[in-house]
Amino acid sequence: LVDVLNKSTLVFDSVSDMSKYLGRKSLTDTKYVKKYMNPTKLYKGRYEFYYKEDFTGTSSANGPVITK
């Protein structure tokens, strides 16, 4: 997850973890990620999504993990 406003990145273990961080209600509906990845466009006017192996920048930190 790239925050273009703060110029930072977070790496998440799962799309569900990223969805929770973004405040999405449904943690299982992940279709929105592909919608914003191909072609790359901003989600909420702020975020870009990349697969870890496709990202060419430097990661700032790991994102939070969902705890049950």
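Scroll up a little and you will see the structure.
Residues numbered from 1 in each chain as written. Predicted model: local features only at pLDDT ≥ 70, side-chain atom pairs only at ≥ 80, totals over all residues. Heavy atoms only, no water.

1. Some details on the nonpolar core
- Of all hydrophobic cores here, the largest spans twelve residues; its members are L1, L10, F12, M18, L22, Y32, V33, Y36, M37, Y43, Y47 and F49.
- Contributions of two or more residues to this core are made by α1 (15-22) and α2 (31-37).
- Counting residues per element, this core draws most heavily on α2, which supplies four residues.
- Sequence-distant contacts of Y36, defined by excluding residues within four places in its chain, comprise K41, L42, Y43 and F49. (Core = buried A, V, L, I, M, F, W, Y, C linked by side-chain atoms within 4.5 Å. Buried < 20%, exposed > 50% of the residue type's maximum accessible area, 1.4 Å probe, protein only. Helix = DSSP H or I, 4+ residues; strand = E, 2+ residues; numbered from the N terminus. Contact = heavy atoms within 4.5 Å.)

2. Remarks on unusual backbone geometry
- Cis geometry is adopted by the peptide bond preceding P39, which originates at N38 and carries an omega value of -10 degrees.
- Structurally, P39 is set in the loop between α2 and β3 (47-48).
- Located in the positive-phi region is K7, a residue other than glycine, with phi close to 55 degrees.
- Judged by its relative accessible area of 75%, K7 falls in the exposed class.
- In this structure, K44 takes a positive phi of about 55 degrees despite not being glycine.
- Here K44 is to be found in the loop between α2 and β3.
- Take K44: its relative accessible area is 54%, and that puts it in the exposed class.

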